[in-house]
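Architecture at a glance
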Amino acid sequence: KSIIMPVKALEEAARRIAGGALNERAVVNADNEVGRLAESFNTMAARLSGEIKALERLNKELMAAQEELLRSSTLAAVGRLAAGIAHEIGNPLGAVRGYIDILSKPGIAPDDEAEILERAGKEASRMDSIVRGFLDISRSPRKPAAPVDVNALVEDAVSTVTVLKDFEGVEVLRSLGQGIPKVIIDDGKLRQVIMNILINAAQAMKGVAGNKLVTVETVVESHPVDSSQRRRRRKDDQPALFSDALHEEKEFVAVKVADTGAGISDEDSKKIFEPFFTTKNAGSGTGLGLFVSNSIIKAYGGDIIFRTQAGQGSCFSVILPSWRG
């Protein structure tokens, strides 16, 4: 009785503390080794409780700092985008105002007036294209995401773009895998992404001597994803692709578009998905295509992987979680 009951009291106290009752203590009224063991146990429990409370406080402070950092990063990103939009719209807007000033003066010949109106219309269309690029990121999909046959969509996209002038003298080679599972996405948005990458591939080979080849491939791949639910801020957040946290392998469908162009420099590769960045000549693009495409794919739990090598072309891989319903 003098040994077993105090030991059971210690056991019960340990069980309650392990269950989260950090303020529990062992009550053992004995002036012997068991009593001294109980005192040591209570001292350890008190220190453990203090350490856990300190860790919880630090964790709350860390979460608050992370939230503040996220807000600061978001504001900085919005600021950069706003500055970019203002810069891009400023030029065509200034041109339109200049055309209006010219048209407001008397004595303009009808032919000159028609030409000025046409130029003003082109500048207005340019502004509209820039604004629409950003609206495509923020607005909800026009229709719900649904299972999409990737091979069929790629065939359709290739058939659509190969009639464009950019594909004159360009050979397109298809290598579509068998048994490719479907993906969950708005098919119109995925078509937009694939077509944009295909057109970029063709334009990347302008002025390149030799055989101009675009290869389109569909494959099934496994990639690591974050398996820690606690890292997600909302229950509907998509798992982070290629996370450094605890991860598990997940099946993805990849659409790979490779060209035989000149490739992109290491410096430009770091900015390839930034808004308004483009390696094309002035007036040939807004620099929003890849930025919008990357935003669309990430919204559906995927990613776009870019690889390039100077003198040997580039390859874009659009990766989306597979669906086998």
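Keep in mind the model is a prediction, meaning the values are calculated, not measured.

Turning our eyes to something else, we now look at the pattern of salt bridges. Applying the stated criterion across every chain yields a total of 10 salt bridges. As a salt-bridge pair, E115 and R119 come within 2.7 Å of each other at their nearest N and O atoms. With E115 and R119 both in helix 3 (residues 110–138) and four residues apart, this pair spans about one turn of that helix. Linking K122 and E118 is a salt bridge whose minimum nitrogen-to-oxygen distance equals 3.9 Å. With K122 and E118 both in helix 3, this residue pair falls four residues apart, about one helical turn.

Let us look at helix 5 (residues 187–203). Here helix 5 spans 24 Å end to end across 17 residues, near enough to the 24 Å set by a 1.5 Å rise per residue. Restricting attention to buried positions, one finds in helix 5 the residues K189, L190, V193, I194, N196, I197, L198, N200, A201 and A202. One side-chain oxygen of the residue at the start of helix 5 lies 2.9 Å from the amide nitrogen of G188, identifying that residue as D186.

With that out of the way, let us pick up the pairing of strand 6 (residues 303–308). In terms of strand pairing, strand 6 meets strand 7 (residues 314–323) through six bridges, oriented antiparallel. When the sheet's bridge partners are listed, T308 is paired in strand 7 with S314. Taking the residues that link successive antiparallel strands as the turn, the strand 6-strand 7 hairpin has five residues, and the phi of G311 there is positive, at about 85°.

Criteria and cut-off values
Residues numbered from 1 in each chain as written. Predicted model: local features only at pLDDT ≥ 70, side-chain atom pairs only at ≥ 80, totals over all residues. Heavy atoms only, no water. Salt bridge = Lys/Arg side-chain N within 4 Å of Asp/Glu carboxyl O. Helix = DSSP H or I, 4+ residues; strand = E, 2+ residues; numbered from the N terminus. Expected span 1.5 Å × (residues − 1). Buried < 20%, exposed > 50% of the residue type's maximum accessible area, 1.4 Å probe, protein only. Polar contact = N/O pair within 3.5 Å; in protein donor to acceptor, adjacent residues only side chain to side chain. Pairing = 2+ DSSP bridges.

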